[in-house]
Amino acid sequence: MAQGNIKRKPLVVGNWKMNTTADEAIELARSITTDIGAIIETDIVICPPFVWLSPIASVITNTSIKLGAQNLHWEDKGAYTGEISARMLKDVGCEYVIIGHSERRQYFGETDQSVNQKLKKAIDAELTPIVCLGESLQDREANRTNALITNQFNNDFEGFTDFEKVIIAYEPIWAIGTGKTATAEQAQEVHGLLRELLRQKTDGYNEVRILYGGSVKPKNAADLIAQPDINGFLVGGASLKAKDFKAIIKAVSGKD
Ligand code: PEP
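Enquirer: Explain the side chain of Asn 220 to me, using residue names and the numbers behind them.
Expert: Mapped onto the elements of the fold, Asn 220 is located in helix 9 (residues 218-225). Here the side chain of Asn 220 touches Ser 215 through a polar contact of 3.0 Å, landing on its backbone oxygen. Those residues within four positions of Asn 220 in sequence are excluded, and the remaining contacts are Thr 181 and Ser 215.

Below is the structure:
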């Protein structure tokens, strides 16, 4: 799909998942800030575990790197043991939140309905949601990818109109943490479908950033980012190595 003169600033998000001790988290954040503070062509977000959000917020103060969380609850407060609200995330300095990651869907019973509730709560709280969707290997092999993505998109965004405030991450489940990356063509095909689904919902469809996630590494980042509808990355494993994360950011920087 032609981008014309549309400018979508690329975005690279690091999802640290359930990794790092306090010292390791601070060291990783410090190493990421070194040399990268000067990059302005790309938005950069890191999503540490909840317990390190506060110390990491201090490390990245005065840099261009923003803070994100890996999940939130859809209620404001109450008897939800172990959960974290949008307001808590705002208070600690988060600007972004990942919603509906496949690991949350697979291991913690996250559904399209809970994704939809969390998405709306994030918007109310002025957090930028990064909504994840993607197909399993079984779905891909049965040629159900497009139907499944369409279904997830429609359910996750049911009754939703604030598309200019949202980031979408296409993450084929079979490519997450497996070392198997979707080819640039496979990824673009689904990103193109998502762009079309967005077009059916909003005039601003061309401005929504659609990230790719699934074993993104320095060696495949350039090929993927060259695709017209890939506007950045959600990075898991490689975001835990400052050198690799920075190499991915550098590969992305400069793209329209
Ligand atoms: C992710 O967790 O969102 C992810 C894409 O992980 P990885 O880069 O390790 O595949």
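Enquirer: An account of the site of the ligand is requested, with residue identities and associated values reported.
Expert: Around the ligand sit 14 residues in total, of which Lys 17, Glu 171, Gly 177, Ser 215 and Gly 237 are the nearest. Measuring from an oxygen atom of the ligand, one finds a side-chain N or O atom of Asn 15 at 3.5 Å. In this structure, Ser 215 approaches the ligand through a main-chain N or O atom, which is 2.7 Å from an oxygen atom. The protein chains hide 98% of the 290 Å² of surface that the ligand would expose on its own.

Enquirer: A description of the packing of helix 5 (residues 112-124) against helix 7 (residues 145-156) should follow, citing residues and the corresponding values.
Expert: A pair of packed helices is captured by two measures, namely the crossing angle of their axes and the spacing between those axes. Two numbers describe how helix 5 lies on helix 7: the axes approach to 8 Å, and their chain directions differ by 45 degrees. On the basis of the axis angle, helix 5 is oblique to helix 7. Together, Asp 112, Val 115, Asn 116 and Leu 119 of helix 5 and Gln 152, Asn 155 and Asp 156 of helix 7 make up the contact between the two elements. Considering only residue class, the contact of helix 5 with helix 7 consists of two nonpolar, three polar and two charged.

Enquirer: Would you mind going over the nonpolar core in detail, with residue names and values included?
Expert: Counting 65 residues, the largest nonpolar core has Ile 168, Leu 194, Tyr 212 and Phe 233 as the members making the most contacts within it. Among the elements that take part in this core, helix 8 (residues 184-199) stands out by supplying seven residues, more than any other. Those residues in contact with Ile 168 that lie beyond four places of it in its chain are Val 131, Leu 133, Phe 153, Phe 157, Leu 194, Leu 198, Val 208, Arg 209, Ile 210 and Leu 211. The next biggest cluster of nonpolar side chains, apart from the first, holds twelve residues, and it includes Cys 47, Ile 167, Ala 169 and Leu 234.

Enquirer: If you had to explain helix 1 (residues 22-33) to someone new, which residues and values would you point to?
Expert: The end-to-end C-alpha separation of helix 1 is 17 Å, in line with the 16 Å expected for twelve residues at 1.5 Å each. Within the span of helix 1, buried status applies to Ala 25, Leu 28, Ala 29, Ile 32 and Thr 33. Along the long axis of helix 1, the arc covered by the buried residues comes to 135 degrees, so they all point the same way. Counted as exposed and oriented over 90 degrees from the buried face of helix 1: Asp 23 and Arg 30.

Enquirer: Could you give me a rundown of the pattern of salt bridges, with the residues and numbers involved?
Expert: All told, the structure shown has 13 salt bridges when counted by the stated rule. Lys 121 is the partner of Asp 76 in a salt bridge, and the nearest nitrogen-oxygen pair spans 2.8 Å. With Asp 76 in the loop between strand 3 (65-69) and helix 3 (86-92) and Lys 121 in helix 5, this residue pair connects regions lying 45 residues apart in the sequence. With a relative accessible area of 14%, Lys 121 lands in the buried category. Residue Asp 112 is joined to Arg 105 by a salt bridge in which the shortest nitrogen-to-oxygen separation is 2.6 Å. Considered together, Asp 112 and Arg 105 belong to a single accessibility category, that of buried residues. Via salt bridges that share partners, Lys 9, Asp 43 and Arg 209 belong to a single interconnected network.

Enquirer: Quick one: what's the story with the packing of aromatic side chains, residue by residue and with numbers?
Expert: Following the criterion strictly, the structure yields seven aromatic pairs and no others. Between Phe 157 and Phe 163 the ring centres are 5.3 Å apart and the planes differ by 45 degrees, which places this aromatic pair in the tilted class. Residues Phe 160 and Phe 163 carry aromatic rings whose centres are separated by 5.2 Å and whose planes lie at 90 degrees to one another, so their mutual orientation is edge-to-face. You can call Phe 160 buried: its relative accessible area is 7%. Phe 163 gets classed as buried once you look at its relative accessible area, which sits at 0%.

Enquirer: I'd love a proper account of the sheet that holds strand 7 (residues 209-213), names of residues and values included.
Expert: Spatial strand order, 1-2-3-4-5-6-7-8: eight strands in a closed barrel with parallel pairing. Adjacent strand axes in the sheet meet at a mean angle of 25 degrees, parallel and antiparallel pairs treated alike. Pairing analysis gives four bridges linking strand 4 (residues 96-99) to strand 5 (residues 128-133), with the strands arranged parallel. Across the sheet, the residue bridging to Val 97 is Pro 129, located in strand 5. Against the sheet, helix 7 makes contact with strand 5 and strand 6 (167-170), and its axis sits at roughly 150 degrees relative to strand 5, the strand it touches most.

Basis of the calculations
- Residues numbered from 1 in each chain as written.
- Predicted model: local features only at pLDDT ≥ 70, side-chain atom pairs only at ≥ 80, totals over all residues.
- Heavy atoms only, no water.
- Helix = DSSP H or I, 4+ residues; strand = E, 2+ residues; numbered from the N terminus.
- Polar contact = N/O pair within 3.5 Å; in protein donor to acceptor, adjacent residues only side chain to side chain.
- Contact = heavy atoms within 4.5 Å.
- Near = heavy atom within 4 Å.
- Areas by Shrake-Rupley, 256 points an atom, 1.4 Å probe, with all protein chains shown as cover.
- Axes fitted to C-alpha atoms, helices over the stretch in contact; angles between N-to-C directions.
- Parallel < 35°, antiparallel > 145°, perpendicular 65-115°, else oblique.
- Nonpolar A, V, L, I, M, F, W, Y, C, P; charged D, E, K, R; others polar.
- Core = buried A, V, L, I, M, F, W, Y, C linked by side-chain atoms within 4.5 Å.
- Buried < 20%, exposed > 50% of the residue type's maximum accessible area, 1.4 Å probe, protein only.
- Expected span 1.5 Å × (residues − 1).
- Arc of directions from axis to C-beta.
- Salt bridge = Lys/Arg side-chain N within 4 Å of Asp/Glu carboxyl O.
- Phe/Tyr/Trp six-rings, centres within 6.5 Å; stacked < 30°, edge-to-face > 60°.
- Pairing = 2+ DSSP bridges.

Nothing here speaks to function; it is all geometry.
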